[in-house]
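Below, each chain spelled out in residue letters.
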Amino acid sequence: MPVIGVLALQGDVPEHLAALERQHVKAVPVRRVEELDAVDALVIPGGESTAISKLLVAFDLLEPIRERLTRGMPALGSCAGMIMLASRVLDGRDDQQSLGALDITVRRNAFGRQVDSFETDVVLDGIDGGPFRTVFIRAPWVEDTGDDVEVIGRVSGGAADGKIVAVRAGTVMATAFHPEVTGDDRIHSAFVDLVRAATATAAEKQKEDR
Ligand code: GLN
């Protein structure tokens, strides 16, 4: 059974742990390097990316997580987690760090103050079962994506029509909204499938190398 960590420095950690547990994987909070070493994949929750950035530095986790991501650890980020996974952050604080695992540019708090929070339906490519009810809370959007990044969801209608809010590149997925708060677990389920496939491939490779 894969072990999936949820970065537990700040943000909506319990909601992600619960959504993962409903997928029958072992879900554990990660605050220390030893805990990171014990997981097959990592979820970075929503919260406040400037706070998560500072705490990653304070807990000596920034470089170890970057290194795991470079070596192919699967990751899922929601909202602030998407910002943390991005290579480029607009409207961030000067000293804000990101993990650079997704070749995207995100704009923080992009939807503007008037619409701090809203809900809408988004159709997600590769996720069956109809549109996904999405909850945006002071969310970012994706301003541009590198060649290897697949856009899997865009806002449809309203002032933000067409804005990119869900992406995937290899084993890294991110959403500008919060899939952990609606009880619709299809994104966590897709992520767990991806983690299972990645851990099976890694085990195969290890066998071959022996
Ligand atoms: N505005 C937050 C940030 O910039 C993200 C909000 C969220 O995760 N709900 O980090």
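Conventions adopted
- Note that residues are indexed from 1 along each chain, following the sequence as it is written.
- In keeping with the model being predicted, local features are shown solely for residues with a pLDDT of at least 70 and side-chain atom pairs are shown and tallied solely at 80 or more, while totals for entire chains, interfaces and linings include all residues.
- Whether a residue is near a molecule or strand depends on its C-beta atom, placed from the backbone, lying within 6 Å of it.
- Each residue gets one label: Ala, Val, Leu, Ile, Met, Phe, Trp, Tyr, Cys and Pro are nonpolar, Asp, Glu, Lys and Arg are charged, and the others, such as Gly, are polar.
- UniProt positions are given in the numbering used here, feature names are shortened, and annotations may be inferred rather than shown by experiment.
- Whether a residue is buried, exposed or partly exposed follows from its count of other C-beta atoms within 10 Å of its own C-beta, namely 20 or more, 12 or fewer, or something in between, respectively; the C-beta atoms are built from the backbone.
- Placing C-beta atoms from the backbone, we regard two residues as in contact once those atoms come within 7 Å.
- Only DSSP runs of H or I covering at least 4 residues are called helices, and only runs of E covering at least 2 are called strands; the numbering of each starts at the N terminus.
- In this scheme, a helix's expected span is set at 1.5 Å multiplied by one less than its residue total.
- Remark: nonpolar core denotes a set of buried Ala, Val, Leu, Ile, Met, Phe, Trp, Tyr and Cys residues whose joining runs through C-beta atoms within 7 Å.

A. Structural context of the site of the ligand. Taken together, Gly 46, Gly 47, Glu 48, Ser 49, Cys 79, Ala 80, Ile 83, Arg 108, Asn 109, Ile 137 and Arg 138 make up all the residues around the ligand. A breakdown of the residues in the shell around the ligand according to their chemical character gives four nonpolar, four polar and three charged.

B. Here's a closer look at the UniProt feature "binding site: L-glutamine" (unreviewed entry) in the chain. In the UniProt entry, the feature "binding site: L-glutamine" (unreviewed entry) is given for Gly 47, Glu 48, Ser 49, Arg 108, Ile 137 and Arg 138. Spatially, the listed residues are clustered: although they cover 92 residues, their C-alpha atoms lie within 12.7 Å of one another. Classification of Gly 47 by C-beta neighbours within 10 Å gives buried; the count is 22. Beyond its immediate sequence surroundings of up to four residues, Gly 47 is in contact with Gln 10, Gly 11, Asp 12, Ile 52 and Ala 80.

C. Here's a closer look at helix 6 (residues 186-209). Counted at 1.5 Å a residue, the expected span for helix 6 with its 24 residues is 34 Å, and the 35 Å between its end C-alpha atoms agrees. Those residues of helix 6 that fall on the buried side of the exposure criterion are Ile 187, His 188, Ala 190, Phe 191, Val 192 and Val 195. Packing partners of the buried residues in helix 6 comprise strand 1 (3-7), helix 1 (13-21), strand 3 (41-44), strand 4 (75-78) and strand 12 (172-175).

D. Summary view of unusual backbone geometry. With phi around 55°, Asp 60 is a residue other than glycine that occupies positive phi space. Not every positive phi belongs to a glycine, and Cys 79 is a case in point at roughly 55°. Relative to the helices and strands, Cys 79 resides in the loop between strand 4 and helix 5 (80-85).

E. How the structure looks around the nonpolar core. By size, the foremost hydrophobic cluster in this structure holds 59 residues, and its most contacted members are Leu 42, Ala 75, Leu 85 and Leu 102. Not counting the four nearest positions on each side in its chain, Leu 42 is found in contact with Gly 5, Leu 7, Val 30, Ile 65, Met 73 and Ala 75.

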